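# Inside the fold
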Amino acid sequence: MQDSRDQPGIDLELKSVTKRFGTFVAVRSLSLSVARGEFVCLLGPSGCGKTTTLRMIAGLEDPDEGEIRIGGGRVNDTPPWERDVSMMFQDFALFPHMTVGKQVGFGLEMMKHPKDQIRRRVEETLATFEIGELAARKPDTLSGGQKQRVALARALITQPRLLLLDEPIGSLDYSLREAVMLELKDVQRRLGISFVCVTHDQNEAFSLGDKVVVMNQAEIEQMGAPETIVERPRTRFVAQFIQGNNLFDGAVDSVAEGGVRVRTAVGDFLVPLRDTAPPPPGASVSFSMRAELLTERLGPEHPNRLPATCHAVEYLGALRRYDLRISNGRSVKIERFGASAPRLAPGEQVTLGWRVEDGVLHAPAGIRA
Ligand code: ATP
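Presented here is a report on the structure given in the accompanying data block. Predicted model only: the values in this text are computed from it and were never measured. (Residues numbered from 1 in each chain as written. Predicted model: local features only at pLDDT ≥ 70, side-chain atom pairs only at ≥ 80, totals over all residues. Heavy atoms only, no water.)

### Concerning the overall build of the protein
Rules: Numbering goes from the N terminus for both helices and strands, where a helix is a DSSP run of H or I of at least four residues and a strand is a run of E of at least two. Only protein chains enter the calculation, and the probe is 1.4 Å; a residue is then buried if its accessible area is under 20% of its type maximum, exposed if over 50%, and partly exposed in between. Any pair of residues with heavy atoms lying within 4.5 Å of one another is described as a contacting pair. Areas reported as accessible are Shrake-Rupley estimates using a 1.4 Å probe. Residue values count occlusion only from the protein chains shown. Note that His is not counted, nor are the chain ends; the positive residues are Lys and Arg, and the negative ones are Asp and Glu. Lys charges are placed at NZ, Arg charges at CZ, Asp charges at CG and Glu charges at CD.
Regarding its fold elements, the protein presents nine helices and 19 strands. Taken along its principal axes, the extent of the C-alpha atoms in the protein is 75 × 45 × 40 Å. Taken over 369 residues, the protein has a buried fraction of 49%. Residue pairs at least 24 apart in sequence account for 66% of intrachain contacts in the protein once pairs closer than 6 positions are excluded. Carbon and sulfur atoms provide 51% of the accessible area of the protein, an area that totals close to 17,900 Å². In the protein, the 46 positive side-chain charges and the 48 negative ones have mean positions that sit 1 Å from each other.

### A look at the state of the cysteines
Our working rule: By definition, disulfides here are pairs of cysteine sulfur atoms that lie within 2.5 Å.
What the rule picks out here adds up to zero disulfides. Summary of cysteine pairing: cysteine 41 is not part of a disulfide, and the nearest cysteine sulfur, belonging to cysteine 197, is at 4.3 Å. Assessed through its relative accessible area of 0%, cysteine 41 is described here as buried. On the basis of relative accessibility, which here comes to 0%, the residue cysteine 197 falls in the buried class.

### Comments concerning the sheet that holds strand S13 (residues 267-272)
Put simply, the rule reads: Two strands form a pair only when DSSP identifies at least two bridges running between them.
Within the open sheet, the five strands sit side by side as S13-S12-S11-S14-S19. Their pairing is antiparallel. A single partner strand is all that each edge strand has here, and the edge strands are S13 and strand S19 (360-361). Pairing of strand S11 (residues 245-256) with strand S12 (residues 259-264) involves six bridges; the strand directions are antiparallel. Note on S12: the bridge partner recorded for glycine 250 is threonine 264.

### Comments concerning the packing of aromatic side chains
Note the cut-off: What counts as a ring pair is set by centres within 6.5 Å for rings of Phe, Tyr and Trp (its six-membered ring), and what kind of pair is set by the plane angle: stacked under 30 degrees, edge-to-face over 60, tilted for all other angles. Criterion for a charge above a ring: Arg CZ or Lys NZ at most 6 Å from the ring centre, at most 35 degrees from the ring normal.
A complete count under the given rule lists eight aromatic pairs for this structure. Considering the side-chain rings of phenylalanine 248 and tryptophan 354, the 6.0 Å spacing of their centres and the 20° angle between planes classify their relative orientation as stacked. Remark: tryptophan 354 occurs in strand S18 (residues 349-354) and phenylalanine 248 occurs in strand S11; sequence separation between them is 106 residues. For the pair phenylalanine 248 and tryptophan 354, a shared accessibility class is recorded, and that class is buried. Taken together, the aromatic side chains of Phe248, Phe269, Phe287 and Trp354 make up a single cluster linked through ring pairs. Between arginine 154 and the ring centre of phenylalanine 95, over which it is positioned, the NZ or CZ distance is 4.6 Å.

Shown next as structure tokens:
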């Protein structure tokens, strides 16, 4: 029989999966697939159902409805240890009294592999994660980054099809995060194992994920490549949740060539339709544009214009963020790298503009991904 691991394709499929706790719906009819070797990040606010989804994949919660398939086979009734998945928890859940070498080999011991084979595999795995010199140490003597490597080595020694990670960076010092993220991504690429990672940190999701799944109130709002989520938020929720979007609410005034004219409290703006059907005149709509695409250097390519007053300037390393106020008192943000940053000081009045194609019209509320 051919090992299904040798077949290219899908490692994980969730089909209309629902989980209730009593009458509360924690995950509603969620469908998602993870291709072989893909790094998928579940991103969303606290309580949206990310961890419950991960726990159902691991077999730690049973779905009330729907199907979970791993490696092409239905696993709804398969216990966690037979699912071909490993899970890495936020606090790493290392065994405090076990040496690094012992805990990295623990999974193979549970699977009753021969002792000499375990010794060899532990050595190889410790070498892969460059923690060979830590083999005799106990967890309380390790740094955060070292603990994470040990937890990864322990999770991956059994060569699972899927690694599930619950907030893998969350407990680390800020200064360690970037290095650890790069390392996680590197390990995933080298081993070609599919990773499903839960996070509420969008920078983490965008740096790690090949695919980012944005969840809200038990459902998927949008899934796609990081660039798609950032540049084309599908709904008002996603635009608001993802940093760097300026959000406007209004009503459709008319359908013009190439877009809709939207009437808002601060002016009328032309927003492209792209592949969505034109909403009827009078319909409530929202749209957004990225803070880095707003400009004060206006030209004929910027028909959408908005008077604003600079309220504050934030220096974020190489990036500058300008917080401006518009006529209804709401805030609009511009972001720019130092070299191209506008010379705007608090109190200064300016007219901002953006190109029609930089606006993103959102799907009406209630229409899900
Ligand atoms: P966070 O980022 O805060 O961890 P999350 O998106 O991972 O949030 P979940 O942990 O999946 O959210 O929880 C989703 C909802 O289900 C929450 O309202 C939570 O209180 C509820 N919930 C989770 N587990 C249980 C349980 N065992 N019993 C009752 N309610 C639960």
